[in-house]
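So the chains spell out like this:
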Amino acid sequence: MRHRLGQRKLHRTTSHRLAMLNNMVTSLLEHEAIRTTLPKAKEARKLAERIITLGKRGGLANVRLAARTVKNKDVLQKVFSEYKDRYNTRNGGYTRIIKLGFRKGDAAEVALLELVDRPAKVKPAATEGAAQPQAEETKAE
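Fair warning: this is a prediction, and the values are worked out from it, not measured in the lab. By convention here, each chain's residues receive numbers from 1 onward along its written sequence. Per-residue local features of the predicted model are confined to residues with pLDDT of at least 70, and side-chain atom pairs are confined, for both listing and counting, to 80 or more; whole-chain, interface and lining totals are unaffected and use all residues. Each side-chain value is derived from all of the structure's non-hydrogen atoms; neither hydrogens nor water enter the calculation.

Asks: What is the right way to read the overall build of the protein from this model?
Replies: By definition, any uninterrupted DSSP run of H or I lasting at least four residues is a helix, any uninterrupted run of E lasting at least two residues is a strand, and each is numbered from the N terminus. Tallying secondary structure elements over the protein gives five helices and three strands in all. For the protein, the succession of helices and strands along the chain, N to C, is α-β-α-α-α-β-β-α. Burial classes follow relative accessibility: with a 1.4 Å probe on protein chains only, a residue under 20% of its type's maximum area counts as buried, one over 50% as exposed, and anything between as partly exposed. Per-residue burial for the protein yields a buried fraction of 34% across its 141 residues. Accessible area of the protein: about 10,400 Å², with a carbon and sulfur share of 50%. Only the protein chains shown count as cover for residues, and all accessible areas are computed by the Shrake-Rupley method using a 1.4 Å probe.

Okay, structure coming up:
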C-alpha cells in the first residue's frame, strides 16, 4: 500500500529530481506557465504553491526559505511583490493543471501548469507597413 508516501520519484536520483523541480518552479514563476508531463506538473505544483504562500507572508525568514528553491533573484523579487499583491485574497489554489493530450514521441501525457489569474497576453498592434506585404514585380521576358 502507498499510505503516507511523500512524493513521486520520477525515475531520477534525489539530487537530479530536486534540481529539476526547483528549475521548473523558477520557470513557472518567471513565465507564469510551463508545459511539461503530468506527473512532473503535479509535483512542481506543490512546490510552487508553497513558494507563493511564503511570498504572501513576507519577512526575511520567508525570503530565505523561498531562496532555497528559487535561485533567480529577479523571480524571487517578483514573488514577494507582484504575486503577493495578486494572490492576497486567495487562500490557496494558485496554480492550475490543464491536460494537453499525449506527446507524439513517447506518448507521455503532457499538461500545462499555469498560475491562476495571470494577465492575458495582448497581441502587438500591426503597423501599416507590416499589415500588407509588398508584392514583388515580375519581369516577363
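Asks: Explain the nonpolar core to me, please; I cannot follow it from the model alone.
Replies: Among soluble globular proteins, nonpolar side chains are generally buried collectively. Core analysis: the biggest nonpolar cluster contains 27 residues, and Leu29 and Ile51 have the highest contact counts within it. If you tally residues by element for this core, the top one is helix α2 (residues 38-57), at seven residues. Residues are treated as being in contact if the distance between any of their heavy atoms lies within 4.5 Å. Filtering out sequence-adjacent residues up to four positions away, leucine 29 remains in contact with Ile51, Ile52, Val70, Val75, Lys78, Val79 and Tyr83. Residues belong to one nonpolar core when they are buried, are Ala, Val, Leu, Ile, Met, Phe, Trp, Tyr or Cys, and are joined through side-chain atoms within 4.5 Å.

Asks: How should I be thinking about the pairing of strand β1 (residues 33-37) in this particular structure?
Replies: Side-chain positions along a regular strand alternate between the two faces of the sheet. Counting buried positions along β1 yields four of five residues, so the element is predominantly enclosed. Any two strands are treated as partners once DSSP identifies two or more bridges connecting them. Of the pairings in the sheet, the one linking β1 to strand β3 (residues 109-115) comprises five bridges and is antiparallel in character. Counted as the bridge partner of threonine 36 is alanine 111 from β3.

Asks: I'm lost on the pattern of salt bridges in this one. Help?
Replies: Side chains bearing opposite charge may pair, as long as their charged atoms lie close to each other. By definition, a salt bridge exists where a carboxyl oxygen of Asp or Glu is found within 4 Å of a side-chain nitrogen of Lys or Arg. Scanning the entire structure with this criterion turns up ten salt bridges. For glutamate 109, the salt bridge is made with lysine 99, and the minimal N-O distance between the two is 4.0 Å. Of this pair, glutamate 109 sits in strand β3 while lysine 99 sits in strand β2 (residues 95-102), and the two are ten residues apart along the sequence. With relative accessibility at 55%, the residue lysine 99 sits in the exposed group. When the shortest N-O distance is used, the salt bridge between arginine 103 and aspartate 106 registers 3.0 Å. A relative accessible area of 48% places aspartate 106 in the partly exposed class. Salt bridges sharing common partners tie together Glu32, Lys78, Glu82 and Arg86.

Asks: Help me understand the packing of aromatic side chains, please; the structure alone is not making it clear to me.
Replies: Each aromatic ring pair is specified by the distance between its two centres and by the angle formed by the two planes. A pair of aromatic rings is counted whenever rings of Phe, Tyr or Trp (Trp by its six-membered ring) have centres within 6.5 Å, and the orientation is called stacked for planes under 30 degrees apart, edge-to-face for over 60 and tilted otherwise. Under the defined criterion, the tally for this structure stands at two aromatic pairs. Each ring, one from tyrosine 83 and one from tyrosine 87, has its centre 6.2 Å from the other, and the planes form 45°; the classification is tilted. Comparing tyrosine 83 with tyrosine 87 shows no difference in burial state: the two are buried. Following the ring pairs from residue to residue traces out a cluster consisting of Tyr83, Tyr87 and Tyr94.

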